[in-house]
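Report on the structure
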Amino acid sequence: IWYAGQFGNLMGNINPVTGAIKEYELPANAKPHTVEIDAKGNIWYTGNANGTLGYLDPKTGKITVFKMPDPKAKDPHTLVFDKNGIGWFTLQNSNMVGRIDPASGDIKLVTLKTPNAKPYGIKIDADGNPWFSCNGWPCLYKIDAATFELIEVKLPLEGTTVRRLDIAEDGIIWYVNSGLGRLGRYDPKTGDIKEWPSPSGPKSHPYAIAVVDGVVWYNESGM
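Predicted model only: the values in this text are computed from it and were never measured.

Concerning the state of the cysteines
- The final tally for this structure, using the stated rule, is one disulfide.
- Disulfide pairing places C134 opposite C139 at an S-S distance of 2.3 Å. Between C134 and C139 the sulfur-sulfur dihedral comes to about -110 degrees; the bridge is accordingly left-handed.
- With relative accessibility at 0%, the residue C134 sits in the buried group.

In structure tokens:
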């Protein structure tokens, strides 16, 4: 089990069999937000405070760092890999999304046209296209993986902000409406959007979400 120790500026792992814990100090001021494991077993992190991405080779302990090519890209946030090994990531307060080719280290960034959208959670659909949520505006976005075109889905309720989303096996996008305390569902095929109030009300602040075996799980972080 790998984890990010953001304010300790480290990554660590726990062996669930023995209980042993091992931690690795990261480059200064990385402040990792996300940990992701690629197909080669490298442990990636987002340098949320110093504008970097990096990975640890757990066999050698070596850390490789990639700096953002644009100084405006200051806060890599959430990272996910597609089936081709390409990394896709959000930069919340920079209002950008990016992709990295780990083989070459090439990074491409794009700024959202929606001001202060604050891209946050990100997932890959069955066709290999990333989807991400907006923590500052009522929207979801799809990225065309081939062209890097951004396609906005406007959500209906004013005051909506979305921390995270997940994609079910049938392609339905499930999301938490954190700003209004609701659970949402978007069908990319029909454009249909439905929402339900979360049990603890508008201040419940739903945050994390996962679809497991067709069941939608989420938490109310405000309660």
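This is not the end of the story, as more comes after the structure.
Observations concerning the packing of aromatic side chains
- One pass over the structure, following the stated rule, counts 10 aromatic pairs.
- With centroids separated by 4.9 Å and ring planes inclined at 35 degrees, the aromatic side chains of W44 and Y55 adopt a geometry described as tilted. With W44 in strand 5 (residues 43-47) and Y55 in strand 6 (residues 52-56), this pair connects stretches of sequence that are 11 residues apart.
- Residue W44 is classed as buried on the basis of its relative accessible area, which comes to 0%.
- The interplanar angle of 20 degrees and the centroid separation of 6.0 Å between the aromatic rings of W174 and W196 together place this pair among those described as stacked. Here W174, found in strand 17 (residues 173-177), pairs with W196, found in strand 19 (residues 193-197); they are 22 residues apart in sequence, far enough to count as distant.
- Assessed through its relative accessible area of 15%, W174 is described here as buried.
- Classification of W196 as partly exposed rests on a relative accessible area of 37%.
- Taken together, the ring pairs in this structure connect W44, Y55, F66 and F81 into an aromatic cluster.

Quick look at the sheet that holds strand 1 (residues 2-5)
- The strand order 1-2-3 describes an open sheet built from three strands, whose pairing is antiparallel. At either end of the open sheet lies a strand with only one pairing partner, and these are strand 1 and strand 3 (21-25). For this sheet, the mean angle separating the axes of adjacent strands, direction not counted, is 25 degrees.
- As defined by bridge partners, strand 1 adjoins strand 2 (residues 10-14) across four bridges and the pair is classed as antiparallel. Paired with W2 across the two strands is N13, which belongs to strand 2.

Let's talk about the pattern of salt bridges
- This structure, assessed with the given rule, holds three salt bridges.
- Residue E195 is joined to R182 by a salt bridge in which the shortest nitrogen-to-oxygen separation is 2.9 Å. In this pair, E195 is assigned in strand 19 and R182 in strand 18 (residues 182-186), connecting sequence segments 13 residues apart.
- Residue classification places E195 among the buried residues on the basis of a relative accessible area of 15%.
- R185 is the partner of D192 in a salt bridge, and the nearest nitrogen-oxygen pair spans 4.0 Å.
- Note on D192: relative accessible area 31%, which makes it partly exposed.

Details of the side chain of D82
- The residue D82 is located in the loop between strand 8 (76-81) and strand 9 (87-91) in this model.
- R99 is the oppositely charged side chain nearest to the buried, salt-bridge-free D82, at an N-O distance of 7.9 Å.
- Of the polar contacts made by the side chain of D82, one reaches the backbone nitrogen of N84; its length is 2.9 Å.
- Within polar-contact distance, the side chain of D82 engages the side chain of W88 at 3.0 Å.
- Those residues in contact with D82 that lie beyond four places of it in its chain are W88 and I124.

Rules used throughout
- Residues numbered from 1 in each chain as written.
- Predicted model: local features only at pLDDT ≥ 70, side-chain atom pairs only at ≥ 80, totals over all residues.
- Heavy atoms only, no water.
- Disulfide = S-S within 2.5 Å.
- Buried < 20%, exposed > 50% of the residue type's maximum accessible area, 1.4 Å probe, protein only.
- Phe/Tyr/Trp six-rings, centres within 6.5 Å; stacked < 30°, edge-to-face > 60°.
- Helix = DSSP H or I, 4+ residues; strand = E, 2+ residues; numbered from the N terminus.
- Pairing = 2+ DSSP bridges.
- Axes fitted to C-alpha atoms, helices over the stretch in contact; angles between N-to-C directions.
- Salt bridge = Lys/Arg side-chain N within 4 Å of Asp/Glu carboxyl O.
- Lys, Arg positive; Asp, Glu negative; His and termini not counted.
- Polar contact = N/O pair within 3.5 Å; in protein donor to acceptor, adjacent residues only side chain to side chain.
- Contact = heavy atoms within 4.5 Å.

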